Amino acid sequence: FIERKGSLPIVFHPQVDMYTEMRENMSPKKWRIKSSINNNVVCARNERNQERILVGKGIGFKVKAGDEIDSSRVEKEYFLKSKNITGKLYALLAQTPEVYMEIADDIMKRAQETLGSELDEAILLHLIDHISFAVSRMKQGLDFKNALLWEIKTFYPKEFEVAGYGLSLIEEKTGASLPEDEAGSIAMHILNAEFDYKDIHDSVRMTELIHKIVNVVRYQHHMNFDEESLHFVRFITHLKFFAKRLFTDSMLDEDDLDFHDLIRGQYATSYECAEKIAKFIWDDYQIAVPEEELIYLTVYIRRMTTMGTED
């Protein structure tokens, strides 16, 4: 939607913290330099003393704090809520071409539109750093293989779809044609921001856990799954949040004994499978899975393994 502030309409993307103020055919703003980040990117304040990142060809060349900016040279204007992230972004942009910020911002917007949720702004830093490094690595002829590519494509199709869009952007704006393995890595950064993880290793650990759980269910029931089925998608979604609760010590632990007894009795085979999952989690991570979590695992296992014949 569009909201008017002063004389300048601002185009907001739903759930997007970092936005671009479109400047075509609009009244000029008055800007004063706070600091030059590189020749094409500056930090500036407007007439209301609001700090923004401005991008434009040569906009930061031979300027100093306090200088007024020719508004006609401003091509894009960015704003982030987090001052902590903003400071880190300045440092990163000082050594990285601004095209990577544009790519990262576009990927973040597409991800938020696709997922329907707001992402942690830190994804901008991670994407800029990762993509610039990936392009540099490709130009040096260094191969990259993502060991979790199949799992990422299977467990996180929406995130992977956005990452594929990101690869197209990268090729369009840099000329670098990155392999599908890199889409897997971009998808993991999106997942990290989606679940508010502090480190991409948390997303890797979650993916590995989901892979192990799916294998336990597959072997226990001697069957393969339709990975595009609604029940499989729901199961994976449940496992994403299960993994987050597991690794953040926030697992469900209610004491509804009647409900627990009912599920254990009606879905004995699925409950046995859930117990095996709890055992390997204890063996691998030394984390005990509460009964409430076992019951929910049982219900989702039952639904998936009966392929929707019973709901």
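Just so it is clear, the structure is predicted and the values come from calculations on it, not from any experiment. (Residues numbered from 1 in each chain as written. Predicted model: local features only at pLDDT ≥ 70, side-chain atom pairs only at ≥ 80, totals over all residues. Heavy atoms only, no water.)

Trainee: Kindly report on the overall build of the protein, identifying the contributing residues and their values.
Mentor: Across its full length, the protein holds 11 helices and eight strands. Scored against the burial criterion, the 311 residues of the protein give a buried share of 49%. In the protein, the share of contacts with a sequence separation of at least 24, taken over all contacts with a separation of at least 6, comes to 64%. For the protein, the accessible area works out to roughly 15,800 Å², and carbon and sulfur atoms hold 49% of it. (Helix = DSSP H or I, 4+ residues; strand = E, 2+ residues; numbered from the N terminus. Buried < 20%, exposed > 50% of the residue type's maximum accessible area, 1.4 Å probe, protein only. Contact = heavy atoms within 4.5 Å. Areas by Shrake-Rupley, 256 points an atom, 1.4 Å probe, with all protein chains shown as cover.)

Trainee: Describe the packing of aromatic side chains, with residues and values.
Mentor: A complete count under the given rule lists six aromatic pairs for this structure. When the ring of Trp150 is compared with that of Phe155, the centres are 6.2 Å apart and the planes differ by 75 degrees; the resulting orientation is edge-to-face. Residue Phe155 is classed as buried on the basis of its relative accessible area, which comes to 3%. Here a set of aromatic residues connected by ring pairs shows up, and it is made of Trp150, Phe155 and Tyr156. For Arg110, the ring lying beneath its charged end belongs to Tyr165, and the centroid distance is 3.7 Å. When the ring centre of Tyr271 is taken as origin, the NZ or CZ atom of Arg264, which lies over that ring, is 5.9 Å away. (Phe/Tyr/Trp six-rings, centres within 6.5 Å; stacked < 30°, edge-to-face > 60°. Lys NZ or Arg CZ within 6 Å of the ring centre and 35° of its normal.)

Trainee: Can you tell me about the pattern of salt bridges, naming the residues and giving the values?
Mentor: Under the criterion given, the structure shown has 18 salt bridges. Between Lys76 and Glu102 there is a salt bridge, with its nearest N and O atoms 3.0 Å apart. Taken as a pair, Lys76 in strand S8 (residues 76–79) and Glu102 in helix H2 (residues 99–115) lie far apart in primary sequence, 26 residues in all. We classify Lys76 as partly exposed; its relative accessible area is 25%. Residues Lys173 and Glu102 are paired through a salt bridge, measuring 2.9 Å at the closest nitrogen-oxygen approach. Of this pair, Lys173 sits in helix H5 (residues 157–174) while Glu102 sits in helix H2, placing them 71 residues apart in sequence. For Lys173, a relative accessible area of 29% gives the class partly exposed. Look at Glu102 and you get partly exposed, because its relative accessible area is 23%. Here the residues in one salt-bridge network are Lys34, Arg45 and Glu51, joined through shared partners. (Salt bridge = Lys/Arg side-chain N within 4 Å of Asp/Glu carboxyl O.)

Trainee: Could you give me a rundown of helix H6 (residues 180–194), with the residues and numbers involved?
Mentor: If you check H6, its first and last C-alpha atoms are 21 Å apart, about what 15 residues at 1.5 Å a residue would give, namely 21 Å. Counting buried positions along H6 yields 13 of 15 residues, so the element is predominantly enclosed. (Expected span 1.5 Å × (residues − 1).)

Trainee: Got a sec to walk through the packing of H6 against helix H7 (residues 200–221)? Specific residues and values, please.
Mentor: With their axes 9 Å apart at the nearest point, H6 and H7 run at an angle of 100 degrees to one another. By the angle class used here, H6 and H7 are roughly perpendicular. On H7, the residues touching Ser185, Met188, His189, Leu191 and Asn192 of H6 are Ile200, Asp202, Ser203, Val204, Met206 and Thr207. Considering only residue class, the contact of H6 with H7 consists of five nonpolar, five polar and one charged. (Axes fitted to C-alpha atoms, helices over the stretch in contact; angles between N-to-C directions. Parallel < 35°, antiparallel > 145°, perpendicular 65-115°, else oblique. Nonpolar A, V, L, I, M, F, W, Y, C, P; charged D, E, K, R; others polar.)

Trainee: Hey, could you go over the environment of Ile107 for me, with residue numbers and the actual values?
Mentor: Topologically, Ile107 is positioned in helix H2. When residues no more than four places from it in sequence are discounted, the contact partners of Ile107 are Leu127, Ile131, Val162, Gly166, Leu169, Ile186 and Ile190.

Trainee: A description of helix H3 (residues 122–139) should follow, citing residues and the corresponding values.
Mentor: Its 18 residues place the ends of H3 26 Å apart at the C-alpha level, agreeing with the 26 Å of an ideal helix rising 1.5 Å per residue. Of the residues making up H3, those classed as buried are Ala122, Ile123, Leu124, Leu125, Leu127, Ile128, His130, Ile131, Ser132, Ala134, Val135 and Arg137. Contacts made by the buried residues of H3 are with helix H1 (83–93), H2, H5 and H6. Once H3 finishes, Gly141 follows within two positions and takes phi at roughly 80 degrees, a positive value.

Trainee: Tell me about a negative patch on the surface, and name the residues and values.
Mentor: A cluster of acidic residues, Asp253, Glu254, Asp255, Asp256 and Asp258, forms a negative patch on the protein surface. Residue placement: Asp255 occurs in the loop between helix H8 (230–247) and helix H9 (257–266). Assessed through its relative accessible area of 63%, Asp255 is described here as exposed. (Patch = residues over 30% accessible without salt bridge, like charges linked within 9 Å, V, L, I, M, F, W, Y side chains within 5 Å. Lys, Arg positive; Asp, Glu negative; His and termini not counted. Charge placed at Lys NZ, Arg CZ, Asp CG, Glu CD.)

Trainee: Mind laying out the confidence of the model for the protein, listing which residues take part and the relevant values?
Mentor: Mean pLDDT over the protein works out to 87, with 89% of the residues at or above the 70 mark. Ignoring residues within four places in sequence, the model shows residues 1–27, a span with pLDDT below 50, making 69 contacts including any to other chains. (pLDDT = per-residue confidence, 0-100.)

Trainee: I'd love a proper account of the pairing of strand S4 (residues 31–38), names of residues and values included.
Mentor: As paired elements, S4 and strand S5 (residues 41–46) share six bridges and run antiparallel to each other. Residue pairing in the sheet places Ser35 in a bridge with Cys43 of S5. Counting the residues that bridge the hairpin from S4 to S5 gives two residues. As paired elements, S4 and strand S7 (residues 68–69) share two bridges and run antiparallel to each other. In the sheet register, Trp31 faces S7, and the bridge partner there is Ile69. (Pairing = 2+ DSSP bridges.)

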